[in-house]
Amino acid sequence: MIRVSALPQTLELAPAAAGQISVSITNTSQVIDQYSIAVFGIDPGWITAQNELVSLFPGETEAVVLDLRLPVDYPASVRPITVSVSSADSPDHFELAHVELEITEATTTSVAVDPTMVTAGKSATFGLAVTNKGNAPVLARPFAVDPEDLAEFVIEPADVLVAPGRTHIVQIAASGGRAWFGMPQARTFNVGVEAERHVETMATFIQRPRISRWMLSLLGLLCAAAVFAFVLSRTFDSVVEEAKVSDDVLNEALGTGAAGGARVPSN
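Description of the structure in this document. (Residues numbered from 1 in each chain as written. Predicted model: local features only at pLDDT ≥ 70, side-chain atom pairs only at ≥ 80, totals over all residues. Heavy atoms only, no water.)

### Side note on the pairing of strand 17 (residues 185-194)
At step 1: Pairing of strand 13 (residues 138-145) with strand 17 involves 5 bridges; the strand directions are antiparallel. Residue pairing in the sheet places proline 142 in a bridge with valine 193 of strand 17.
At step 2: Where strand 17 meets strand 18 (residues 198-207), 10 bridges bridge the pair, whose relative direction is antiparallel. When the bridges of strand 18 are listed, glycine 192 appears paired with glutamate 200.
At step 3: Where strand 17 folds back onto strand 18 in an antiparallel hairpin, the turn is made up of 3 residues. (Pairing = 2+ DSSP bridges. Helix = DSSP H or I, 4+ residues; strand = E, 2+ residues; numbered from the N terminus.)

This is how it looks when you write it as C-alpha cells:
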C-alpha cells in the first residue's frame, strides 16, 4: 500500500522558468518496497526526478523533488498534470496525486520594416512585420510618426491580434508634399506598434520631385535647339532676300528688242 501527496497543489510557472513539485511517498505496507514515479499530462522531457527509484521500509516516508522547466513558447494556460507512484514489486499497486500548472503570460513583440527604403513620387508603401515571440496572443496597434510633421499615413489594419509565434504584416502608405524641382528628398519615419511595450524601427522614403534634373536638362536642350533653329531660319531668309533678282532686271534681260548672240572674248 502507498500514500502519496504532492505540493504545491497549484504551481504558477512562467515559460522557460524552473519550478519544483515535492512528492511525499509513504510505505503503508508491511514489507520493504521500491517505488517509481511517472508524470502524465506533460512532456516527460520537461520533468527531472532527483530519485528515479525510492526504497522505503514499512511506515517510512520520503519526499522526492521533481524539477520542471517548460519551453519558452509554451502557451499561457491552466494545465492539470498527474503524478503516479507505483510499486516496483506490484505495478498494479499505485497511487495518484494531482497538480495544477498555471502558465503565466509572457509576451515579447518585435517589428521589422520591409523594404526599409522606398524611392517613389507622391507616395510609398512599406510593410511592417509584427512578430509575437511570447506565449499568449498580443493586441498591437501600429503607428507611424514623421518628425518633421509633413507626411500623412494610411495604416491598414489599424489593430492586429497576433497569435504566439506568428507574424502579421501591416501596410503603411506614406505621402506628403512634393517639390516641383530639385534633388530627391529623403524623409525618415518612425514606424512600430504599441503592444505590451512600445516597439519601433525606422523607414526612409526618397521622394522624387515632380520635374527631375534630367527633365530640366532635356527641356534646356530643347530650348537651345529651338533658339538655334530660329536663328538659322532667320539667317537663311536674309541670304535668300539678298540673292533675289528684281522683276525689272529680269524683264530687261528677257526683252525681245535686246541684242542677242553677242560674243564676249575671254582669256
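### Thoughts on the pairing of strand 10 (residues 109-114)
At step 1: Going residue by residue along strand 10, you find Thr109, Val111 and Val113 tucked away on one face and Ser110, Ala112 and Asp114 left uncovered on the opposite face.
At step 2: Taken together, the 6 bridges between strand 10 and strand 12 (residues 123-132) define a ladder with antiparallel strand orientation. Paired with aspartate 114 across the strands is glycine 127, a residue of strand 12. (Buried < 20%, exposed > 50% of the residue type's maximum accessible area, 1.4 Å probe, protein only.)

### Observations concerning the nonpolar core
At step 1: Counting residues in hydrophobic clusters, the biggest one holds 27 residues, and the most contacted among them are Ile25 and Leu66.
At step 2: Of all the secondary-structure elements, those providing two or more residues to this core are strand 1 (2-7), strand 2 (10-13), strand 3 (18-27), strand 4 (33-40), strand 6 (53-56), strand 7 (61-69), strand 8 (77-87) and strand 9 (94-103).
At step 3: Counting residues per element, this core draws most heavily on strand 9, which supplies 4 residues.
At step 4: Leaving out residues up to four positions away in the same chain, leucine 66 has contacts with Gly19, Gln20, Ile21, Val23, Ile37, Val39, Ile47, Thr48, Ala49 and Val83.
At step 5: Among the nonpolar cores identified, the runner-up in size contains 23 residues, and Val113, Phe126, Val130 and Val191 belong to it. (Core = buried A, V, L, I, M, F, W, Y, C linked by side-chain atoms within 4.5 Å. Contact = heavy atoms within 4.5 Å.)

### Here's the deal with the pattern of salt bridges
At step 1: Evaluation of the coordinates by the stated rule reveals 2 salt bridges.
At step 2: With a shortest N-O distance of 2.8 Å, aspartate 159 and arginine 141 are connected by a salt bridge. Of this pair, aspartate 159 sits in the loop between strand 14 (151-156) and strand 15 (160-162) while arginine 141 sits in strand 13, and the two are 18 residues apart along the sequence.
At step 3: A relative accessible area of 36% places aspartate 159 in the partly exposed class.
At step 4: With its nearest N and O atoms 3.4 Å apart, the salt bridge here joins glutamate 196 to arginine 197. (Salt bridge = Lys/Arg side-chain N within 4 Å of Asp/Glu carboxyl O.)

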